[in-house]
Amino acid sequence: MSDAAAGRWWWTPVAGAIFSIAAVLAAPVSGLGASAAVGVVQSGDGWLAPFVGTFVTGCVFWGLLVGWPRRLSLLRAGLAGGLVGLGATPVVLAIADFGTGGPVDPARLGERSFGILELALLTTITTGFVAMAIMVAVGMLIALLLRRVYPRRGAALPASWVLRAGAVGLTVVVLSLAGAYVWLSQLPLEATALTEQRVRGEPASSYEAALAAFEAVRAAEAMLPLNPDCHSRLLTHGRRVARSVVYLHGLTNCPLQAEQLAQQLFERGYNVYVPRWPGHGEADQMTLALTTLSAEQMVASTDGAIDLARGLGDEVVVIGMSAGGAMTAWAAQYRADVGRTVAVSPFLGPHFVPPWANRAAANLLLLMPNMMLAWNPLEPEGAPGMEHSYPRIPTHALAQFMRLGEVLQAAAQQSPPQAMSLGMLLNDADFAVNNALAWQLVAAWRAEGRTVDLEVLPRSDLLPHDLVDPRMPGARTELVYPALLELIERRSR
């Protein structure tokens, strides 16, 4: 086979493979392919979909601009790279979403496709300029690597007006996306009702006052169409004890999540309160109750739960999972009357958004239409055994927690957390929350001179995002609960 013939096929997959490797390596910074997850934020293999999706995109654009005409130049290669950076994300998302081997429901095909496009648009607008710039550089590097062996076709020709126009257009796109990112990053995040300036209630002054507050909660919940297992829960020893626990459940779950953990804490002598978040726990799993959920509602509910628990024990311990972990971290920053906090996999931002783009992505999600996205498109009605949890999440609800995470990070940079003792439990196999944001928060607290007891469950355990609910597929509470209980009872200052 001649060089010219060879140039028609294997140079293109070589370039595609180089683009793929670069995408996987650069994903933590660029966001290119970082959205490769099953559903919105569920666990995936982490690299296969970005690799395959970028390979396909790289082969297409390199083949069209360089491989097929067999003309290699820095301009052509850079233009191909820029188009790879722009076009890879929707391909990666489609492969991750539809390439899991499960059946495709034709009735939900449009909804899934629209969700993919919305996430692709979110990623492109917030991090696309970085992904495109990186891939332009990678394309030029490929050209430099291959120029000595790449088959030539006649004498070198000056770049055509089409190529030059393409390069100009690509530059305009990059600059426009960079401008959009700067604008979104500068949009204010209203924080008045999320910080010290929020309206506060009165903590329960006695055990009897706490019981009266709980009865008011139960009376209000009796008027709602709730799943019978999803009401707020209170386990008490009939008196005020040394330490009470507030457990804050995860987004779209309900108090049933902590049934076993709450019982173990109760048996250790704690009074335990597990409140239900606003909009959660309805009997209809396909409810739209969370479409109006706000960070302000979550802060008010967290304050109310801690105020009630003040009457249950001399010292209050706050524990929370995922979104509840974010609110636990918030309590650590703002509640001086809390004895200890243990945030479990706090949801300060999703895994598919790089930390530096979290604020811009939050603002963009709030500006975009509020979409109901499935946690897992292969189980649109929810996982078996998880009938108490909603299988869908509104994008605006995700954005509200990203917004709260940004406010919390800014506060941690300016002042130390007020809770007496701090703990955090992370899962290294978690492809739902962005652990980098949790690490940033811990670093900020430690920079203020505070001790933070941090434990990280190893990736090799392959634990799901929800570490607390024993009904979650893949749950291994026999590994998690001992680590969590040890963190709860550890006393640092």
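1. What about unusual backbone geometry?
Then, number 1: Within the chain, Thr252 stands out as a residue other than glycine whose phi angle is a positive 75°.
Then, number 2: Mapped onto the elements, Thr252 comes out in the loop between β2 (241-248) and α8 (259-267).
Then, number 3: The backbone phi angle of Ser345 is positive, close to 45°, even though this residue is not glycine.
Then, number 4: With a relative accessible area of 0%, Ser345 lands in the buried category.

2. Focus on a nonpolar patch on the surface
Then, number 1: Nonpolar side chains collect at one region of the surface, where Trp47, Leu48, Val52, Val56, Val60 and Leu64 lie side by side and expose about 520 Å² of accessible area between them.
Then, number 2: With respect to the helices, strands and loops of the structure, Val52 is situated in helix α3 (residues 48-67).
Then, number 3: The exposure class assigned to Val52 is partly exposed, which follows from its relative accessible area of 31%.

3. Observations concerning the state of the cysteines
Then, number 1: All chains considered together, the criterion is met by 1 disulfide.
Then, number 2: One disulfide in the model links Cys230 with Cys254; its S-S distance is 2.2 Å. As the torsion about the S-S bond is roughly -65°, the Cys230-Cys254 disulfide counts as left-handed. Here the residue Cys230 occupies a position in the loop between α7 (207-221) and β1 (233-235), and Cys254 occupies one in the loop between β2 and α8, the gap between them amounting to 24 residues.
Then, number 3: In this structure Cys254 comes out as buried when scored by relative accessible area, which is 0%.

The rules behind these values
Residues numbered from 1 in each chain as written. Predicted model: local features only at pLDDT ≥ 70, side-chain atom pairs only at ≥ 80, totals over all residues. Heavy atoms only, no water. Helix = DSSP H or I, 4+ residues; strand = E, 2+ residues; numbered from the N terminus. Buried < 20%, exposed > 50% of the residue type's maximum accessible area, 1.4 Å probe, protein only. Patch = residues over 30% accessible without salt bridge, like charges linked within 9 Å, V, L, I, M, F, W, Y side chains within 5 Å. Areas by Shrake-Rupley, 256 points an atom, 1.4 Å probe, with all protein chains shown as cover. Salt bridge = Lys/Arg side-chain N within 4 Å of Asp/Glu carboxyl O. Disulfide = S-S within 2.5 Å.

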